[in-house]
Amino acid sequence: MIRRNLPLLAVLLALWPLGLGLERVLNGYYLQIAVLIGINIILAASLNLINGVTGQFSLGHAGFLAVGAYVSAFTSLALGLTSSVLLPLPLLVGGTAAALAGLAVGVPTLRLRGDYLAIATLGFGEIIRVIILNTNAVGGARGLGGIPTLAGFGAVFACAVLCVVALWRLVYSPRGSAFFAIREDEVAAAAMGIDTTRHKILAFTIGAFWAGVAGGLLAHFIGYLHTNSFTFLRSVEIVVMVVLGGLGSLTGCILAAAILTILPEALRFGAEYRMVIYALLLIAIMLTRPSGLMGGREILPWRSWSSTPAR
Amino acid sequence: MDQLAQQLVNGLAWGSIYALIALGYTMVYGVLRLINFAHGDVYMIGAMSAFYFAHWLGLADAPSLFGFVVVMGLAMLTCALLGALIERAAYRPLRRQPRWAMLTTAIGVSMLLEYGGQALFGPDPKFFPQLIASAPALRLGGAVVTNIDLLIFGVSLALMLGLRWLVYGTRVGMALRAVSVNVDAASLMGINVNTIIAMTFMIGSALAAAAGAMVGLRNPKIEPLMGLMPGIKAFVAAVLGGIGNFPGAVAGGLLMGVTETLVAAYISSTYRDAVAFVILIAVLLVRPAGLFGTVTVEKV
Amino acid sequence: MTAPTPPLRPLGARRRWSRLLLSLATLLCACSKPTTDEIRIGEFGSLTGGTATFGISTHEGLMLALDEINASGGLLGKKVTVITEDNQSKPEESVTAVLKLIKQNEVAAVIGEVASSRSLAAAPQCQANKIPMLSPASTNPKVTQVGDYIFRACFIDPFQGSTMARFAVDRLHAKRIAILTDAKNDYSVGLTEFFKATAKQLGAEIVAEESYAEGDIEFKAQLTAIKATNPDVIYAPGYYTECALIARQARELGIEVPFLGGDGWDSPKTVEIGGKAVEGTYITNHYSPEDQRPEVQKFIADYKAKYGGKTPDAMAVLGYDAMRMMADAIRRAGSTDGDKIRDALATTKDFSGVSGHISMDAERNAQKDIVVLQIRDGQFRFVESIAPTAG
């Protein structure tokens with residue numbers, strides 16, 4: 001087993017000093033960008049599982065992000081956490097809550113396809129946001145402040161690596177090809193004996209879980225939450241990342257997340273045109289290369305990562 | 001009881017607006033099977049262009065009914081052209097692509113209109129000139145119907161009847177219906193599908209523009225993001241009525257407006273926007289075909 | 001990690017552009033590093049968005065004060081610079097703005113904001129970083145309760161709400177009062193509570209309590225419900241954008257009774273949007289342009305000269321006073337150390353501001369008079385002035 005996973009371990013081992021090095025070298029402003037890149041990688045990768053790999057067009061990802069953020073923040077505040085070591089606890093609680101939300105969204109929408117699914121997930125995302133907005137226990141319209149800032153670059157980096165590795169293992173395992181099958185042709189997949197219901201729900205739940213973890217990291221990094229940050233627009237920003245990277249490609253998600261986090265910072269002086277550029281970018285990708293940067297492929301052939309012999 | 005009558009009047013006024021926008025959604029979905037996310041923003045452009053026309057033509061200082069009609073007409077023309085442009089540039093190239101591509105592009109166009117609007121018009125709200133001074137026109141029981149409300153009802157009704165005549169009483173309308181049923185068969189029958197689709201967008205956009213101009217008159221605060229919620233609500237209305245179904249869109253719109261007003265009045269106004277989403281989820285789960293839609297079974 | 005092989009030329013080009021722009025951005029950021037021969041004060045406010053006139057007016061008043069300060073030699077022998085950040089009328093942007101001012105621009109103190117909810121969002125950041133924050137016009141008591149680095153240059157809502165309640169019952173003889181609150185706004189919710197408490201104490205009946213949300217454009221549902229209860233007056237303690245529209249729609253429904261409001265109504269846009277509908281409205285406010293005190297008239301003249309004949313509103317006055325209070329505190333502190341400025345602000349006594357004599361009390365709130373104004377012929381006209389009662 002060690003042998004099969006040698007490449008994986010090698011990469012992880014190489015990343016460790018990289019992470020530490022980055023933390024030492026980067027200062028305030030750049031560290032913040034790096035953290036945001038990390039969070040966006042998790043968001044893009046988790047949405048990629050739902051949209052790119054399983055082909056379920058979900059526009060409500062910001063809802064899961066919000067659930068994770070608020071629940072983890074509430075946990076920290078309620079328990080009065082002050083030590084970074086305890087960060088995994090609110091993250092897990094937030095992630096689990098988001099996973100439950102994913103379940104709540106995934107189950108009713110099982111029968112829906114394409115456009116209808118998109119709109120239904122959009123609706124769920126907004127409903128979640130309105131519920132949070134009306135919940136005074138988490139600050140309501142004023143926002144939730146004073147969250148202990150337990151998350152630093154190290155935590156975000158570690159979570160991002162964990163997320164990508166976990167999703168990679170899930171998707172590129174033999175069981176994982178079921179997700180791709182559902183994307184390609186759901187009816188045929190069902191006819192082949194794949195439990196489409198189970199896999200679709202799994203995609204939503206796992207995708208939502210990681211979005212929730214990203215939300216927890218966000219909450220514990222900035223220390224302040226407001227529902228205005230979790231609107232449909234946020235969901236669209238994540239969709240743009242996945243689409244830019246190429247639906248279905250994890251490497252694409254990482255690249256796109258990095259590019260799309262740095263771009264608005266680099267364009268700070270043209271702040272009001274930032275969203276216009278986003279929109280134009282999205283349209284341009286769709287018209288010229290809808291398969292995105294990586295065209296749905298990964299940078300390393302997945303066969304060497306799986307546990308089945310190469311076909 | 002008086003209160004209820006007034007609430008109904010308020011609800012029907014907004015309902016007419018939603019109905020006009022919903023017709024645009026339903027028309028485009030009928031021919032392209034596409035949810036035109038950008039439609040709500042065309043409504044916003046309608047309101048904005050009406051605002052600018054009113055100022056450029058000096059009508060803001062000389063309020064009159066005629067002035068408003070001129071401004072509304074110009075707004076409708078502008079948006080018809082905009083609709084055709086969007087279709088030609090952003091949707092036509094993707095007709096053979098998978099569905100999510102067109103949907104994603106539609107989202108992109110929507111964002112472009114919203115944020116481009118913010119960059120172009122400025123993000124602060126503008127105040128639509130009072131081209132018609134609001135005055136109570138009718139008293140039904142305890143309810144006051146203003147002249148602007150009457151205008152909205154009248155214009156909406158006229159436009160809807162006009163549309164009905166167009167779709168059911170002309171050859172162009174027949175071509176439109178043919179394209180809605182089966183694009184390939186229609187093109188085989190010699191119908192220029194591209195023209196018909198372009199026309200569909202133009203008509204739908206013009207209706208949305210009329211709605212926008214009228215909303216500018218009634219609720220004078222307009223801003224680049226004003227199309228977001230009404231767009232979604234009108235879409236829900238179209239789905240509620242049965243997407244692709246014209247009378248359904250109208251019924252859905254009116255129902256949507258009234259329900260929303262009653263919820264705001266009797267439960268809490270902070271849930272006004274949530275009503276749309278709850279209705280949407282309910283419809284999609286219980287009867288996705290909508291009130292007037294036909295239930296189709298997917299055959300494999 | 002292996003570098004990804006760019007599959008297309010466009011990707012390479014995009015990468016190059018990103019790097020170029022990033023380095024440009026770095027240069028720009030480097031340019032805004034503080035130099036030691038100037039005093040930097042941060043300002044954050046709503047220069048754009050739904051309540052843009054609040055931020056713009058405050059900014060204009062503040063800039064007028066800044067010009068005067070620098071013209072008379074600056075502070076502690078150094079030039080004073082104000083760095084302004086726009087929060088687009090959003091609370092989460094207030095947090096970002098304040099963090100940027102503190103971390104990137106390294107300001108000595110912060111002046112902001114008008115809206116209580118946005119001040120509340122930003123205050124914890126200032127408190128945690130030990131940077132004194134002076135709010136010119138946030139009236140919700142919770143703002144200064146955040147911590148001992150947070151101050152305000154205006155009165156607080158318990159005073160404002162109860163004053164209007166007293167005015168309504170004693171002067172206008174209102175017995176049936178309807179209230180329309182902006183439920184998502186701390187300021188509005190707070191004012192409603194204080195108003196209600198006093199009104200009930202004085203024997204008036206609150207016949208209706210409706211709510212809306214900032215950003216709404218349709219209020220007829222709530223107004224219809226209010227109309228059915230037949231009130232003598234309607235108290236609408238919200239911000240001018242919504243309140244002016246509310247007044248219009250009320251008149252369209254046939255509601256004739258006068259409106260009452262708080263300082264959130266004070267904006268040049270109120271009459272512009274509301275037109276005839278807002279005639280007769282009474283509001284509680286920080287100052288009246290009809291005040292004949294020489295410092296007020298001089299300020300109005302200077303403001304008109306600098307800003308093209310515009311009459312300043314209360315936010316401009318408070319922006320002006322806040323900047324001067326901050327300068328006064330820095331002078332007395334003799335340094336730009338956060339703790340010293342904080343102590344100096346806390347001991348402000350009888351500071352002569354355009355909006356009145358200002359003394360900082362133990363809760364870091366200003367003890368000042370309140371004025372009641374009425375909109376007549378499109379102008380805010382003075383009705384009466386009320387001094388703070390003890391407690």
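Now for a quick tour of the structure. (Residues numbered from 1 in each chain as written. Chains lettered and ligands numbered in written order. Predicted model: local features only at pLDDT ≥ 70, side-chain atom pairs only at ≥ 80, totals over all residues. Heavy atoms only, no water.)

Some details on the overall build of chain B
Alright, step 1. If you tally the helices and strands in chain B, you get 11 helices and 4 strands.
Alright, step 2. Its C-alpha atoms give chain B a radius of gyration of 19 Å, near enough to 19 Å, the size a compact globule of 300 residues would have.
Alright, step 3. Expressed as lengths along the three principal axes of its C-alpha atoms, the size of chain B is roughly 55 × 45 × 35 Å.
Alright, step 4. Counting every position in chain B, which comprises 300 residues, the buried fraction comes to 60%.
Alright, step 5. Partitioning the contacts of chain B with sequence separation of at least 6, the portion at a separation of at least 24 is 77%.
Alright, step 6. Per element, the accessible surface of chain B, about 11,600 Å² overall, is 68% carbon and sulfur. (Helix = DSSP H or I, 4+ residues; strand = E, 2+ residues; numbered from the N terminus. Rg over C-alpha atoms; globule rule 2.2 N^0.38 Å. Buried < 20%, exposed > 50% of the residue type's maximum accessible area, 1.4 Å probe, protein only. Contact = heavy atoms within 4.5 Å. Areas by Shrake-Rupley, 256 points an atom, 1.4 Å probe, with all protein chains shown as cover.)

Here we look at the interface of chain A and chain B
Alright, step 1. Residue-level contacts link 36 residues of chain A with 40 residues of chain B.
Alright, step 2. Buried surface at the junction of chain A and chain B, summed over both partners, amounts to about 3,400 Å²; 81% is from carbon and sulfur atoms.
Alright, step 3. Of all residues in chain A, the largest losses of buried area upon contact with chain B belong to Asp115, Tyr116 and Ile119 of chain A, amounting jointly to 20% of the total for that side.
Alright, step 4. The interface formed by chain A and chain B contains 0 salt bridges.
Alright, step 5. There are 1 residue pair in polar contact (both at pLDDT 80 or more) connecting chain A and chain B.
Alright, step 6. Elements with a minimum of two residues in the side of chain A that touches chain B: helix H5 (114-133), helix H10 (232-245) and helix H12 (274-288) of chain A.
Alright, step 7. Per element, the largest residue contribution to the side of chain A that touches chain B is 11 residues, and it comes from H5 of chain A.
Alright, step 8. The residue inventory of the side of chain A that touches chain B, partitioned by class, reads 29 nonpolar, 2 polar and 5 charged. (Buried area = accessible area lost by both parts, 1.4 Å probe. Salt bridge = Lys/Arg side-chain N within 4 Å of Asp/Glu carboxyl O. Polar contact = N/O pair within 3.5 Å; in protein donor to acceptor, adjacent residues only side chain to side chain. Nonpolar A, V, L, I, M, F, W, Y, C, P; charged D, E, K, R; others polar.)

Focus on the environment of Val371 of chain C
All names here are of chain C.
Alright, step 1. Within the secondary structure, Val371 sits in strand S14 (residues 370-376).
Alright, step 2. Overall, Val371 belongs to the buried group, its relative accessible area being 9%.
Alright, step 3. With 12 residues separating them in the primary sequence, Val371 and Val383 have C-alpha atoms 7.4 Å apart.
Alright, step 4. When sequence neighbours within four positions are dropped, the list of residues in contact with Val371 reads Ile283, Thr284, Asn285, His286, Tyr287, Ser288, Phe382, Glu384 and Ser385.

Some remarks on the packing of helix H2 (residues 39-56) of chain B against helix H3 (residues 65-91) of chain B
Residues and elements named next belong to chain B.
Alright, step 1. Packing of H2 against H3 brings their axes to within 8 Å, and their N-to-C directions diverge by 135°. As judged from the angle between their axes, H2 and H3 are oblique. The handedness of the crossing between H2 and H3 comes out as right-handed. In this structure, H2 contributes Val42, Ile45, Gly46, Ser49, Ala50, Phe53 and Ala54 to the contact, and H3 contributes Val71, Leu74, Ala75, Thr78, Cys79, Leu82 and Ile86.
Alright, step 2. Considering only residue class, the contact of H2 with H3 consists of 11 nonpolar, 3 polar and no charged. (Axes fitted to C-alpha atoms, helices over the stretch in contact; angles between N-to-C directions. Parallel < 35°, antiparallel > 145°, perpendicular 65-115°, else oblique. Left-handed = near helix turned anticlockwise from the far one by under 90°.)

Focus on the sheet that holds strand S13 (residues 366-367) of chain C
All names here are of chain C.
Alright, step 1. Taken in spatial order, the 3 strands of this open sheet run S11-S12-S13, and their pairing is antiparallel. On the outer flanks of this sheet lie strand S11 (351-353) and S13, each paired with one strand and no other.
Alright, step 2. Sheet topology places strand S12 (residues 356-360) next to S13; 2 bridges connect them, and they run antiparallel. What sits directly across from Ser359, in S13, is Gln367. (Pairing = 2+ DSSP bridges.)

Side note on a nonpolar patch on the surface
All names here are of chain A.
Alright, step 1. Residues Leu79, Leu89 and Val93 make up a contiguous nonpolar surface patch of about 240 Å² in total accessible area.
Alright, step 2. With respect to the helices and strands, Leu79 occurs in helix H3 (residues 61-79).
Alright, step 3. For Leu79, a relative accessible area of 52% puts it in the exposed group. (Patch = residues over 30% accessible without salt bridge, like charges linked within 9 Å, V, L, I, M, F, W, Y side chains within 5 Å.)

Section: the pattern of salt bridges
Alright, step 1. Here the structure, examined in full by the defined rule, presents 31 salt bridges over all chains.
Alright, step 2. Asp343 of chain C serves as the salt-bridge partner of Arg342 of chain C, at 3.3 Å between the closest nitrogen and oxygen.
Alright, step 3. Ionic contacts of the salt-bridge type, sharing partners, join the residues Lys233, Glu260, Arg272 and Asp273 of chain B into one network.

Digging into unusual backbone geometry
All names here are of chain C.
Alright, step 1. In this structure, the amide linkage connecting Gly112 to the following residue, Glu113, adopts the cis form with an omega of 0°.
Alright, step 2. Checked against the element boundaries, Glu113 lands in the loop between strand S3 (109-111) and helix H4 (116-128).
Alright, step 3. With a phi close to 50°, Glu106 is a non-glycine residue in the positive phi region.
Alright, step 4. A positive phi angle, near 55°, is found at Asp350, a position not held by glycine.
Alright, step 5. By secondary structure assignment, the location of Asp350 is in the loop between helix H13 (338-346) and S11.
Alright, step 6. Overall, Asp350 belongs to the exposed group, its relative accessible area being 54%.

Looking at the sheet that holds S14 of chain C
All names here are of chain C.
Alright, step 1. What the 7 strands build is an open sheet, ordered S7-S6-S8-S9-S10-S14-S15; its pairing is mixed. The open sheet has two edge strands with one neighbour each: strand S7 (205-212) and strand S15 (379-386). Strand-to-strand twist in this sheet, taken as the mean axis angle between neighbours without regard to direction, amounts to 25°.
Alright, step 2. Where strand S6 (residues 176-182) meets strand S8 (residues 233-235), 3 bridges bridge the pair, whose relative direction is parallel. Counted as the bridge partner of Ile179 is Tyr235 from S8.
Alright, step 3. Docked against the sheet, helix H8 (residues 220-227) engages S6, S7 and S8, running at close to 170° with respect to S7.

Description of the pairing of strand S2 (residues 136-140) of chain B
Residues and elements named next belong to chain B.
Alright, step 1. Taken together, the 4 bridges between S2 and strand S3 (residues 143-146) define a ladder with antiparallel strand orientation. Bridging across to S3, Leu140 finds its partner in Ala143.
Alright, step 2. Counting the residues in the hairpin turn of S2 and S3 gives 2 residues, including Gly141, whose phi is positive at 65°.

Structural notes on the environment of Arg183 of chain A
Residue and element names in this part refer to chain A.
Alright, step 1. Mapped onto the fold, Arg183 is located in helix H7 (residues 177-184).
Alright, step 2. Considered as a pair, Arg183 and Lys200 are 17 residues apart in the sequence and their alpha carbons are 9.9 Å apart.
Alright, step 3. Among residues more than four places away in sequence, those in contact with Arg183 are Gly52, Val53, Thr54, Gly55, Leu247 and Gly248.
Alright, step 4. Among the polar contacts made by the side chain of Arg183, one reaches the side chain of Glu184 at a distance of 3.1 Å.

Observations regarding the side chain of Glu87 of chain B
Alright, step 1. Topologically, Glu87 of chain B is positioned in helix H3.
Alright, step 2. Those residues in contact with Glu87 of chain B that sit more than four places away from it in its chain are Arg92, Arg95, Ile197, Ala198 and Phe201 of chain B.

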